Amino acid sequence: MDLKTELLENRVFDDIRIGDSASLTREITNEDIVLFSMISGDVNPAHLDPEYASTSLFHHVIAQGVLTAGLISAVLGTKLPGPGTIYLAQELKFRAPVSPGDVITATCTVTALLPEKHRVVLECRCANGEGKEVLNGTATVQAPTEKISRPAISLPEVRLLRHQHFRGLLARATSGPPLPTAIAYPCDEVSLLAACEAAERGLIAPILVGPAAKIHATAAAHQLDIAAFRLVEAADTHEAAAKAVALVKAGEARLLMKGALHTDDLLHEVMHTGTGLRTGRRLSHVFVLDVPTYPRPLLVTDAAINIAPTLEDKVSIVQNAIELAHVLGVEAPRVAILAAVETINPDMPATLDAAALCKMADRGQITGGVLDGPLAFDNAVNAAAAAQKGIVSPVAGQADILVVPNIEAGNMLAKQLTFLANADAAGIVLGASVPIILTSRADDDRARLASCAVAAIMAAAAP
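Residues numbered from 1 in each chain as written. Predicted model: local features only at pLDDT ≥ 70, side-chain atom pairs only at ≥ 80, totals over all residues. Heavy atoms only, no water.

J.: Is there a simple way to explain the environment of L324 in this structure?
T.: One can find L324 in helix α10 (residues 311–327). For L324 and I457, which are 133 residues apart along the polypeptide, the C-alpha to C-alpha distance reads 9.5 Å. Excluding residues that lie within four positions of it along the chain, L324 makes contacts with V286, V288, L299, I428, L430, V454 and M458. (Helix = DSSP H or I, 4+ residues; strand = E, 2+ residues; numbered from the N terminus. Contact = heavy atoms within 4.5 Å.)

Written as structure tokens, this is what we have:
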């Protein structure tokens, strides 16, 4: 509820008469309800959970009664009597529920004046757009005695950061049994915490591969319960990586997860001829991003493995990402091949690669997605930006996948979205015989769980 009054002027006690009235009208939104819950701590599911609310008395989400009553406070504090008013008492009766989208008019009418203490009694009423009374009562205030006229304070814009996409992934991933997951060298808090969180949510059944004494010491230091997890002894990071890969190779684990070791050490074992998990497809990394300001999950690739990918490398990078998007439920993912500009420039290799990849998709060398490029980042994710440049494209403004030209661009883009746009980022390596889960020290619990969820969904969908 954004008060946009340009100038606030009060009514001093001597100027107030019985029968004087003031009102304001506001639409109650879902955002209002959520923000009030955050401020008050009232997380009653009748206000926040549509599934639960459908079984309640009113069969839909309703606003908190006190939220609606706040409109009365707004009338008293900004209009009648206005600035300088001291709220003394309020009696309320709630007559009908208020739903998101209801337009509520709050009206306060003076019914009594008590001169000895400059007190004013007002009848208060809130009604919806159909005129139905939803609330009534009586307020007693102390009116100001000095005239005040001043501009209203400009309120900041408030946006709720919703990570709805990851919630859907978690719900889907936990619908089946937890998958055995070999975790290579989980000898730090982040690795063990990720294992415990994912196991608690039913995503994975951890197999901890590393030095038992060090793992137990780490768990004890951070009060993590790992008693139920299988533990495979390995002396160091190299042995842990080799044994974790061997567990997957033998079918004892369905997923592979990086612990407290270098990514290169783990992937070296993954790519080892004969004993590794090679498939003939080049390995690539995908960030699955839940950006609160973007209407769909956003996949960014490659930001962690391929440093300066060739055109041939990019074919695998694109195909890997498309197949992940399919598993996540996007039937024909829109793939934006990013560059600094949206036109082909022979002096900018990224634009040439983009054009070639699009033509390869036209010829069936890349399948399952709709490709366009080169596209600058703004054109890829913002329809207005694309329209301003005159770009007509089935991808521009609504990309599902962003293919970056090199690892620097991908890393910077993913981290900018994470740290400046409040995105959650799940990290996964594709192209091996099983998905490989990568977590970072900077990941929060949602991102760690989402990484496991994406991998679990991919593994469950594998033939």
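J.: Sorry if this is basic, but what is going on with the sheet that holds strand β4 (residues 103–114) here?
T.: Sheet strands pair by backbone hydrogen bonding; their relative direction is either parallel or antiparallel. Spatially, five strands are ordered β2-β4-β5-β6-β3 in an open sheet, and the strand pairing comes out antiparallel. Strands with a single pairing partner mark the edges of an open sheet, and in this sheet they are β2 (21–27) and β3 (86–94). Each neighbouring strand pair of the sheet contributes to a mean axis angle of 20°, computed without reference to strand direction. (Pairing = 2+ DSSP bridges. Axes fitted to C-alpha atoms, helices over the stretch in contact; angles between N-to-C directions.)

J.: Is there a simple way to think about the packing of helix α8 (residues 237–249) against helix α9 (residues 263–270) in this case?
T.: Two quantities define a packed helix pair, namely the angle between the axes and the distance from one axis to the other. Packing of α8 against α9 leaves a shortest axis separation of 9 Å and a crossing angle of 40°. Here α8 lies oblique to α9, going by the angle between them. Where α8 crosses over α9, the handedness of that crossing is right-handed. Across from T237, H238, A241, A242 and V245 in α8, the residues of α9 making contact are D265, L266, E269 and V270. (Parallel < 35°, antiparallel > 145°, perpendicular 65-115°, else oblique. Left-handed = near helix turned anticlockwise from the far one by under 90°.)

J.: When you look at the pattern of salt bridges in this model, what are you seeing that I'm missing?
T.: Where charged atoms from two side chains of opposite charge approach closely, those side chains can pair. One pass over the full model with this rule turns up twelve salt bridges. D400 is paired through a salt bridge with R296; the nearest N and O atoms lie 3.6 Å apart. Taken together, the positions of D400 in the loop between α13 (383–388) and β16 (401–403) and R296 in the loop between β12 (284–290) and β13 (298–301) put the pair 104 residues apart, joining distant regions of the chain. Per residue, the accessibility class of D400 equals that of R296, and both read buried. Each of R296, R334 and D400 takes part in salt bridges that share partners, so that together they form one network. (Salt bridge = Lys/Arg side-chain N within 4 Å of Asp/Glu carboxyl O. Buried < 20%, exposed > 50% of the residue type's maximum accessible area, 1.4 Å probe, protein only.)

J.: I would appreciate a short explanation of the nonpolar core in the present structure.
T.: The nonpolar side chains of soluble globular proteins are, as a tendency, buried together. Within the largest apolar cluster, 84 residues are counted, with the highest numbers of intra-cluster contacts made by L256, L324 and L371. Per-element accounting of this core gives the leading share, ten residues, to helix α15 (residues 445–461). Sequence-distant contacts of L371, defined by excluding residues within four places in its chain, comprise V318, I322, V335, I337, L357, C358, A361, I366 and V395. Of all hydrophobic cores here, the second largest spans 32 residues; its members include L24, A53, L80 and L122. (Core = buried A, V, L, I, M, F, W, Y, C linked by side-chain atoms within 4.5 Å.)

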